[in-house]
Amino acid sequence: AFNRGVVITKSAGNLRSQIPDPLELQPFVLPVAAVYENDLKASYSDYGNWVKVCAPGGAEDQHHQKLVSTCFNDSYPKPRSYEHGTSFAAPLVAGLAGLIKSHEPGLSAADIIFRITGSADNIDNLNPAYAGKLGAGRINAYRALTEQVQPHPELSFYSLRVDDSESGNNNGKIDPGETVKLYVKLRNRWGDGENLNVHLDFDDRDVALQKADVVYPHIPGLSDLNANIVENQDDPFIVSVDAASLPKSIPATLTIVDQFGSSSELNLSIPVSPSVLLVDDDNASDNAEFFYKDILDSLNLACEIWDHNKNG
C-alpha cells in the first residue's frame, strides 16, 4: 500500500507501555501517541522511540478535555459522545496527510510522512520523563502546509563482507597476515543519503587500517525501501592483520557524516580468524555462571597453548 502512495497511520496503543507492536517498527508506518490539550502525554498513551508523532487524543479523567465523537446509530450530535484514546489521535494525523496531499498533489507518501514529522512541534521540554519517546512532537497543520523539510538519513549496520582474494587464502574471512578489503552494507530507513562520508575506527595493536575513509554516493531511504540497503562496493575499506594475531572479535565504530553535516555513529564487530563457535543450547539459568566459567577457562587454556606454540 505504501509503495502505491498510501500514507499509513497507526494508533500507538493505550496500555501506558513503551513496548511496540511489530508493525510500528516498520519505517513506512506512522505510529501516533496521544497528548492532552496542553501537549502533555496522555496518561493512557503508549510511548517509545518508535513513536513518530503525537496528536490530541482526549482525556480519560475530568482534569483534561475529552474529544467529541460520533455515536452509534447516527446519534451525533445529540447525545454527544465524549471519548479518548490513541485511536482518536491517529485519524487526526491521517486527516493532516490528506490535507497536505490536497494542497500539494505531487507529493509522494514518503514526502508527506517527512512533512508531517518534520513540521511537528517538539514537546520534549514539556514531557521530560518521555523525552525522545514522543516522536517528532505534536503535529502542526499550519507548519505542515507552509514549511519545507529536509529529512536526514537514519542508517543502521546491515552486514560485513570480506574480500581476501588478493593477499589471502580467499576464504572470505580475515586471517592473520592478510590485507583485506571490507565491504559494509548500511540500511537507510528515513531520508535519502547523498555522498555520505564514512570513517572506520578501532583500537587494536594487531590490526592496521590502510584505508579508513570511504564515500557512499547514494543510499535511498523511505523513498525506495526496495533499494535502501547499499554496500560500498566501489570504495572498500582496507585492513591489514599482523601474522601473529590471535582469533578475536574487534569492536569497531563507523562515523557517518551526511549531506547536511550531521554526524552519527554505528557499532560493529570485525572478526579475525573466526574459528570457534560457542552455543549455549541448554537455556542455562541457575548454572549459567558455571557454564560460562568453563568456557572462559577452556579459551584461556587454548590461548596459552597458542602462545606457547607461537613462541617455540
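Residues numbered from 1 in each chain as written. Predicted model: local features only at pLDDT ≥ 70, side-chain atom pairs only at ≥ 80, totals over all residues. Heavy atoms only, no water.

Engineer: Where do I start with the nonpolar core in this structure?
Structural biologist: A general feature of soluble globular proteins is that nonpolar side chains tend to end up buried together. Among the nonpolar cores identified, the biggest contains 28 residues, and Val-32, Val-53, Val-93, Ile-100, Ile-116, Ile-139 and Leu-222 are the most heavily contacted of them. Within the residue set of this core, elements represented by two or more residues are strand E2 (29-35), strand E3 (53-56), helix H1 (86-103) and helix H2 (109-118). Setting aside residues up to four positions removed in sequence, Ile-139 forms contacts with Val-53, Cys-54, Ala-55, Leu-92, Val-93, Leu-96, Ile-116 and Ala-120. (Core = buried A, V, L, I, M, F, W, Y, C linked by side-chain atoms within 4.5 Å. Buried < 20%, exposed > 50% of the residue type's maximum accessible area, 1.4 Å probe, protein only. Helix = DSSP H or I, 4+ residues; strand = E, 2+ residues; numbered from the N terminus. Contact = heavy atoms within 4.5 Å.)

Engineer: Which parts of the structure should I look at to understand the sheet that holds strand E13 (residues 248-257)?
Structural biologist: The pairing of strands in a sheet comes from backbone hydrogen bonds and takes either a parallel or an antiparallel form. Strand order in the open sheet made by the four strands is E10-E8-E13-E14, with antiparallel pairing throughout. Because the sheet does not close on itself, it has two edges, and the strands there are strand E10 (213-219) and strand E14 (263-272). For this sheet, the mean angle separating the axes of adjacent strands, direction not counted, is 30 degrees. By the bridge criterion, five bridges tie strand E8 (residues 193-201) to E13 in an arrangement that is antiparallel. Pairing of Asn-197 across the sheet is with Val-257, part of E13. (Pairing = 2+ DSSP bridges. Axes fitted to C-alpha atoms, helices over the stretch in contact; angles between N-to-C directions.)

Engineer: Before we go on, may I ask you to explain unusual backbone geometry in this structure?
Structural biologist: The phi torsion of most residues other than glycine is negative, and most of the peptide bonds are trans. Here Arg-16, not a glycine, exhibits a phi torsion of approximately 55 degrees, which is positive. Of note, the phi angle at Asn-170 is positive, near 60 degrees, even though the residue is not glycine. With respect to the helices, strands and loops of the structure, Asn-170 is situated in the loop between strand E6 (155-163) and strand E7 (179-188). Residue classification places Asn-170 among the exposed positions, given a relative accessible area of 53%.

Engineer: Looking at this structure, I do not really get the environment of Pro-128. What am I missing?
Structural biologist: In this fold, Pro-128 is placed in the loop between H2 and helix H3 (141-146). In this structure Pro-128 comes out as exposed when scored by relative accessible area, which is 64%. Taking the C-alpha atoms as reference points, Pro-128 and Leu-40, 88 residues apart in sequence, are found 10.0 Å from one another.

Engineer: Would you explain the packing of aromatic side chains in this entry?
Structural biologist: Here the distance between the centres and the angle between the planes together describe a pair of aromatic rings. With the rule as written, the count across this model stands at three aromatic pairs. For the ring pair Phe-2 and Phe-28, a centre distance of 5.8 Å and an interplane angle of 25 degrees mean the geometry is stacked. Placement of the pair is Phe-2 in the segment before strand E1 (8-11) and Phe-28 in the loop between E1 and E2, with a sequence separation of 26 residues. Look at Tyr-47 and Tyr-130: their rings are 4.9 Å apart centre to centre, the planes differ by 70 degrees, and that puts the pair in the edge-to-face class. Here Tyr-47, found in the loop between E2 and E3, pairs with Tyr-130, found in the loop between H2 and H3; they are 83 residues apart in sequence, far enough to count as distant. Given a relative accessible area of 14%, Tyr-47 falls into the buried group. The side chain of Lys-41 reaches across the aromatic face of Tyr-130, ending 4.9 Å from its centre. Its guanidinium or amino end placed over the ring of Tyr-183, Arg-161 lies 4.2 Å from that ring's centre, counting from NZ or CZ. (Phe/Tyr/Trp six-rings, centres within 6.5 Å; stacked < 30°, edge-to-face > 60°. Lys NZ or Arg CZ within 6 Å of the ring centre and 35° of its normal.)

Engineer: Would you mind showing me how to read the sheet that holds E1 here?
Structural biologist: Here we have three strands laid out as an open sheet, ordered E1-E2-E3, and parallel in their pairing. The outermost strands of the open sheet, each flanked by one partner alone, are E1 and E3. Shown here is a sheet whose adjacent strand axes are inclined to one another by a mean of 40 degrees, direction ignored. Bridge count between E2 and E3: four bridges; the pairing is parallel. By the bridge assignment, Ala-34 is partnered in E3 with Ala-55.

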